[in-house]
Amino acid sequence: MPEKDWRALCAERKQRQLEQIPEEWTITPPPDDQRNVLDVPRTCGLLTARELEITDTVNVDILLDRLRTGHWSSVEVTTAFYKRAIVAHQLTNCLTEIFIERALARAKEVDDFLKANGKPIGPLHGLPISLKDQFCLKGMETIMGYAGWIGRVADRDSVLVELLYECGAVPFVRTNVPQTLMWGETYNHVFGRTTNPYNRYMTPGGSSGGEGALVALRGSPLGVGTDIGGSVRIPSAFCGLYGLRPSYERLPYCNAVNSQEGQESISSVLGPMTNSLEGVKAFTKAIIDARPWRKDPLCVRKEWSEREYALGDHGLGGKMCFAIMWDNGVIKPHPPLTRAMELVKKALEAAGHTVIDWENHRHLEIYTVGEKIFAADDATDMLNDCALSGEPLIQTMSPETDAHEYALDEPMQHTIIGERRHLTAYELWQLHREKRALRKSYLDHWEATVDKTGTGRPVDAIISPAAAYAACPHGCNSDCFYTGLCNYLDYTTAVFPVTFVDKEIDKRAPPHQFLNKEDEAVYKLYDPELWHGMPVALQLIGRTQEEEGVIAMTEVVDKALKEFKSSAKP
């Protein structure tokens with residue numbers, strides 16, 4: 001048994017975190033009832049005009065150009081983002097590890113190299129990058145939301161961190177996660193709850209919710225999250241960001257910590273979260289160009305393909321056919337999501353592309369198999385990690401006080417599993433076999449769309465919600481199948497912001513024939529007044545190992561959207 005009560009361990013660790021914040025970087029926090037805090041970094045008086053200029057430069061390519069040419073030093077850029085990150089933390093509780101001296105020493109090292117050699121270290125030269133609390137930094141704790149992991153110090157860097165150093169980047173903070181990682185929200189006993197800067201009554205999503213809140217407040221130009229069921233895409237969508245869920249093993253996960261380690265049928269992947277599509281491409285290309293298979297034995301030996309990025313598999317981007325998944329047959333999305341899909345459809349058609357309806361294929365079967373694989377150990381992995389300290393396994397993300405009412409007794413992901421029990425190895429193999437057969441069936445279904453597109457090719461990409469709602473109140477994010485579908489099928493997927501909820505336009509829809517109890521609960525949850533102003537994002541779903549093409553197709557959609565909105569203005 002642990003020597004000290006887990007509550008005391010958590011309180012002491014949280015206090016040590018707070019002691020890492022320089023007194024001169026503390027702000028007078030806004031009142032708790034101020035829900036939107038996006039403007040606080042600009043109005044709090046902590047950042048200089050130059051630091052605001054640096055941190056408000058959302059295009060990562062511009063930041064990288066100014067760093068590699070010496071227009072801005074890495075020390076001043078890292079300092080600016082660090083100050084803004086500390087402000088973001090005081091507003092949303094988004095950070096775990098704060099290591100200012102170490103980060104600034106790395107930034108100085110990068111600056112010294114540029115001065116001495118007249119050239120940058122690599123493609124991410126001088127760029128501060130935030131990391132989800134899974135990516136180990138040698139000599140530092142990686143707690144990952146477990147009280148029992150307090151004091152667990154890494155004896156080596158994760159492979160991603162090694163490659164970031166090779167590329168010239170500056171890891172500078174780590175960000176909050178939920179206990180177990182297996183939540184679409186962000187709360188643990190050690191560091192507490194992370195809130196959404198658009199409305200602190202709402203969740204930023206999870207499990208990369210710390211990254212979502214931090215990047216939305218521009219406290220980081222680019223963050224790295226992970227995704228096993230939507231954990232990059234949900235917080236990216238809830239916080240109005242761009243994000244990428246690459247395919248299994250395209251980017252290096254080696255020596256990062258994880259929940260359910262050893263479960264390899266549905267692999268967790270890492271991906272960028274940022275305010276610009278340029279950042280998604282810059283990060284992904286830099287890491288692939290660093291040849292990660294040299295350091296991670298699972299990484300696919302596939303170099304960055306300019307042919308694929310030029311949409312060589314998609315008619316060179318001329319006339320493409322996109323399919324819209326209006327709903328997934330499990331949960332019907334809220335009105336703002338439907339409006340966002342209608343907006344994207346109009347924008348793509350105005351740009352000369354074809355848009356058809358996606359026909360769902362065996363979705364409930366895929367959902368069931370995926371959830372049963374996750375539950376195969378009957379929570380043994382999670383319970384063992386909780387037992388290290390004696391802390392309880394968190395059963396809900398709802399706050400203990402003032403929790404939002406949500407008329408759902410049990411999320412569907414629990415209902416479809418049925419009786420809870422620890423499966424045998426043979427039973428798990430049968431689930432793997434069934435999942436593989438479903439992937440083949442879905443592939444054939446997608447290929448068969450060649451008869452409907454008019455391009456001579458199957459559908460180029462699917463566009464769908466990343467969740468049935470924009471960011472929801474804490475404790476209410478019960479649905480993860482819009483994103484989970486892509487994890488189970490291993491489809492490369494990007495998230496992109498579309499619009500914001502408008503209470504005058506996005507009225508509550510009349511009741512439909514509910515598909516299940518969760519569908520009914522999600523319908524009843526929607527309140528146009530509460531959701532007003534929240535970002536609305538969608539996801540673009542491509543094929544397996546198609547990172548270059550998915551990034552490029554998302555650029556096509558993003559450009560079409562911006563041009564359509566611009567032309568629609570009076």
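In the block above lies the structure referred to throughout.
Residues numbered from 1 in each chain as written. Predicted model: local features only at pLDDT ≥ 70, side-chain atom pairs only at ≥ 80, totals over all residues. Heavy atoms only, no water.

The next subject is unusual backbone geometry. A cis geometry characterises the amide bond from Gly206 onward to Ser207, with omega recorded as 5°. One non-glycine residue with positive phi stands out, namely Asn93, at about 60°. Of note, Met144 is a non-glycine position whose phi angle comes to about 50°, a positive value. When you line up the elements, Met144 lands in the loop between strand E2 (128-132) and helix H7 (159-166). Look at Met144 and you get buried, because its relative accessible area is 0%. (Helix = DSSP H or I, 4+ residues; strand = E, 2+ residues; numbered from the N terminus. Buried < 20%, exposed > 50% of the residue type's maximum accessible area, 1.4 Å probe, protein only.)

The next thing to look at is the nonpolar core. Counting residues in each nonpolar core, the largest one holds 161 residues, and the members touching the most others are Tyr82, Phe496 and Trp531. Here this core gets nine residues from one element, more than from any other, and that element is helix H5 (residues 74-92). In contact with Trp531, not counting residues within four places along its chain, are Met202, His334, Tyr469, Ala470, Ala471, Cys472, Pro473, Val501, Leu525 and Tyr526. Grouped together as the second largest cluster of nonpolar side chains are 18 residues, Met144, Trp149, Met382 and Leu393 included. (Core = buried A, V, L, I, M, F, W, Y, C linked by side-chain atoms within 4.5 Å. Contact = heavy atoms within 4.5 Å.)

The next subject is helix H13 (residues 363-374). For H13, built from 12 residues, the straight-helix expectation of 16 Å at 1.5 Å per residue is met to within 8% by its first-to-last C-alpha distance of 17 Å. The buried count for H13 comes to nine of 12 residues, which makes it a mostly enclosed element. Where H13 is concerned, the buried positions are His363, Ile366, Tyr367, Thr368, Val369, Gly370, Glu371, Ile373 and Phe374. Those residues of H13 that are buried are in contact with helix H15 (412-415), helix H16 (425-447) and helix H18 (481-489). (Expected span 1.5 Å × (residues − 1).)

One can describe the packing of H5 onto helix H6 (residues 100-117) by two numbers: an axis separation of 8 Å at closest approach and a directional angle of 155°. One way to sum up the angle between H5 and H6 is to call them roughly antiparallel. Handedness of the H5/H6 crossing: right-handed. On H6, the residues touching Ser74, Val75, Thr78, Thr79 and Tyr82 of H5 are Ile100, Ala103, Leu104, Ala107, Lys108, Val110 and Asp111. (Axes fitted to C-alpha atoms, helices over the stretch in contact; angles between N-to-C directions. Parallel < 35°, antiparallel > 145°, perpendicular 65-115°, else oblique. Left-handed = near helix turned anticlockwise from the far one by under 90°.)

In short, the description is geometric, and any link to function would need to be established separately.
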